[in-house]
Amino acid sequence: MEAKKILFITQEIIPYVEESEVSIYGKKLPVAAQENGMEVRIFMPKWGHVNERRNQLHEVIRLSGMNLIINDTDHPLIIKVASMQASRMQVYFIDNEDYFMKRLMAYDKDGNEYPDNGERAVFYARGVLETVKKLRWCPDVIVCQGWMGALVPFYIKTLYKEEPSFRDSKVIYLAHSYELKASIGSGFINSLYHKNLDSGILEKNKKEQYHYDDLLHIAIDNSDGIIMGSPDISESTKAIINDSGKLVMPYPTDAEEFPTRCNDFYNQVFCSDKNEE
């Protein structure tokens, strides 16, 4: 049995943002999956510096209009879409005036990290999952990339675990060398709250400050497989991955093999339960 439907949830894709390790693989991996015969959907945040006119983004009215409540505040969810040149794959953009429209990625124009980056990741994760529900599409494998995708595995294994769109999905976290340095907000754990989420889960993880490693732990603890997406992942990140006991795909010696190796790993994780039997 092979995975047929792959959902990619990333934070960066070229050419919508500048070239980086994350944005390069944000494009290469979906393209490789499509070329391998898989049905692909892609999501990324609509950062404030993404040029809507040049990239021909337009709002999808039927998917927009929902409000997500985070820290007792309503935040409208706006969905935009563009077609990736050459591959013709559609990219769905999660947008919101408070979190994305007038703001850059992790850092502001002065080089300071946004203090509510954790809350922004919460909105993005829930926004993607609610949109996929509306699409009535059931992915076999969900690949989450970067700090913005780190909370998706948590929500799939908790709040959305009985949701038909994700009930049978396998979740893979793609870890990079990229790290946030500052706190992601002291109120981060409260922003994870939802009325249908077991409050005991939040209490167990409560602490005074939260940082990148906390996001990483959450992503890895709730994933079915981990991909090392960089040849120079930090030692602290490697330690978290190696201690997880999860299926792990190391970064290959030949970087050109990375997309192909990932395709094979999706199927390995998708079939892992059957293999254990």
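Anyway, here's the lowdown on the structure attached to this text. Chains are numbered independently. Their residues run from 1 in the order of the written sequence. Where totals are concerned, whole chains, interfaces and linings use all residues; where local detail is concerned, this predicted model gives features only for residues with pLDDT of at least 70, and gives and counts side-chain atom pairs only at 80 or more. Calculation of side-chain values draws on the structure's entire complement of heavy atoms; hydrogens and water are dropped beforehand.

## Structural notes on the side chain of Asn-263
Item 1. Every helix listed is a DSSP run of H or I at least four residues long, and every strand listed is a run of E at least two residues long, numbered separately from the N terminus. Mapped onto the fold, Asn-263 is located in helix α10 (residues 258-270).
Item 2. In this scheme, a residue with accessible area under 20% of its type's maximum is buried, one over 50% is exposed, and one in between is partly exposed, where area comes from a 1.4 Å probe on protein chains only. Classification of Asn-263 as buried rests on a relative accessible area of 6%.
Item 3. In protein, a polar contact means a hydrogen-donor-capable atom and an acceptor-capable atom, both N or O and within 3.5 Å, with residues adjacent in sequence counting only if both atoms are side-chain atoms; elsewhere, any N or O pair within 3.5 Å suffices. Engagement of the side chain of Asn-263 in a polar contact is seen with the backbone oxygen of Ala-32, the distance being 3.3 Å.
Item 4. Those residues within four positions of Asn-263 in sequence are excluded, and the remaining contacts are Ala-32, Ala-33, Asn-36 and Met-38. By definition in these notes, contact holds between two residues if any of their heavy atoms fall within 4.5 Å.

## Quick look at the pairing of strand β1 (residues 5-9)
Item 1. The buried fraction of β1 amounts to 4 of the 5 residues, a majority that puts the element mostly inside the structure.
Item 2. Here β1 pairs with strand β2 (residues 39-45) via 5 bridges, running parallel. Looking at β2, one finds that Ile-9 is bridged to Phe-43.
Item 3. Here, any two strands with at least 2 DSSP bridges between them count as paired. As paired strands, β1 and strand β8 (residues 141-145) are joined by 4 bridges and run parallel to one another. Across the sheet, residue Ile-6 finds its bridge partner in β8, namely Val-141.

## Regarding unusual backbone geometry
Item 1. Following Ile-14, the chain continues to Pro-15 via a peptide bond in cis, the omega torsion being 10°.
Item 2. Backbone geometry at Asn-71 places phi at a positive 50°, although glycine is not the residue there.
Item 3. Relative to the elements of secondary structure, Asn-71 occurs in the loop between β4 (67-70) and β5 (73-76).

## Quick look at helix α9 (residues 235-242)
Item 1. Every buried residue of α9 is accounted for by Thr-237, Ile-240 and Ile-241. Across the axial projection of α9, the buried residues extend over an arc of 100°, all falling on one side. In α9, the exposed positions that point more than 90 degrees away from the buried face belong to Glu-235 and Asn-242.
Item 2. On its buried side, α9 packs onto β9 (170-175), α8 (212-221), β10 (225-228) and β11 (247-249). The arc in question is the one traced by the directions running from the helix axis out to the C-beta atoms.

## Some thoughts on α10
Item 1. To estimate how far a helix should extend, the number of its residues minus one is multiplied by 1.5 Å. For α10, which comprises 13 residues, the first-to-last C-alpha distance of 18 Å matches the rise-based estimate of 18 Å (1.5 Å per residue) to within 8%.
Item 2. Listed as buried for α10 are Phe-258, Pro-259, Cys-262, Asn-263, Phe-265, Tyr-266, Asn-267, Val-269 and Phe-270.

## Topic: the packing of helix α1 (residues 21-35) against α10
Item 1. Here an angle of 0 to 180 degrees is reported between the N-to-C directions of two axes, which are lines fitted to C-alpha atoms, with helices fitted over the stretch in contact. Close contact between α1 and α10 brings their axes to 9 Å; oriented N to C, the two are set at 60°. Here α1 lies oblique to α10, going by the angle between them. The chirality of how α1 crosses α10 is right-handed. Between α1 and α10, the contacting residues are Tyr-25, Leu-29, Ala-32 and Ala-33 on the first element and Phe-258, Pro-259, Cys-262, Asn-263 and Tyr-266 on the second.
Item 2. Looking at side-chain class alone, the contact of α1 with α10 contains 8 nonpolar, 1 polar and no charged residues. The scheme is simple: roughly parallel for angles under 35 degrees, roughly antiparallel for over 145, roughly perpendicular for 65 to 115, oblique for anything else. By convention, the crossing between two helices is left-handed when the near helix turns anticlockwise from the far helix through less than a right angle, and right-handed when the turn is clockwise. Note on residue categories: nonpolar means Ala, Val, Leu, Ile, Met, Phe, Trp, Tyr, Cys or Pro, charged means Asp, Glu, Lys or Arg, and polar means any other residue, Gly included.

## Structural notes on the pattern of salt bridges
Item 1. Every case where a carboxyl oxygen of Asp or Glu lies within 4 Å of a side-chain nitrogen of Lys or Arg is listed as a salt bridge. The tally for this structure, following the rule as stated, stands at 11 salt bridges.
Item 2. Between Glu-39 and Arg-41 there is a salt bridge, with its nearest N and O atoms 3.5 Å apart.
Item 3. Classification of Glu-39 as partly exposed rests on a relative accessible area of 31%.
Item 4. Here Arg-41 falls in the partly exposed class, since its relative accessible area comes to 22%.

## Some points on the packing of aromatic side chains
Item 1. Only Phe, Tyr and Trp rings are paired, with Trp represented by its six-membered ring, and only when their centres lie within 6.5 Å; those with planes under 30 degrees apart are stacked, over 60 edge-to-face, the remainder tilted. Considering all chains together, one arrives at 14 aromatic pairs under this definition.
Item 2. Here Tyr-25 and Phe-258 contribute two aromatic rings whose centre-to-centre distance is 4.5 Å and whose plane-to-plane angle is 55°, an arrangement assigned as tilted. With Tyr-25 in helix α1 and Phe-258 in helix α10, this residue pair connects regions lying 233 residues apart in the sequence.
Item 3. Overall, Tyr-25 belongs to the buried group, its relative accessible area being 9%.
Item 4. Ring geometry for Phe-154 versus Tyr-155: centroids 5.3 Å apart, planes at 65°, classification edge-to-face.
Item 5. Its relative accessible area of 6% is what places Phe-154 among the buried residues.
Item 6. The exposure class of Tyr-155 is buried, given its relative accessible area of 0%.
Item 7. Members of the aromatic cluster, each reached through a chain of ring pairs, are Trp-47, Tyr-99, Phe-100, Phe-123 and Trp-147.

## Details of the packing of α8 against α9
Item 1. For the pair α8 and α9, interaxial distance at closest approach is 10 Å and the crossing angle is 25°. Viewed along their axes, α8 and α9 adopt a mutual orientation that is roughly parallel. Two packed elements cross with a definite hand, and for α8 against α9 that hand is right-handed. Contacts from Tyr-212, Asp-213, Leu-216, His-217 and Ile-220 in α8 reach Ser-236, Thr-237, Ile-240 and Ile-241 in α9.
Item 2. Split into classes, the residues belonging to the contact of α8 with α9 amount to 5 nonpolar, 3 polar and 1 charged.

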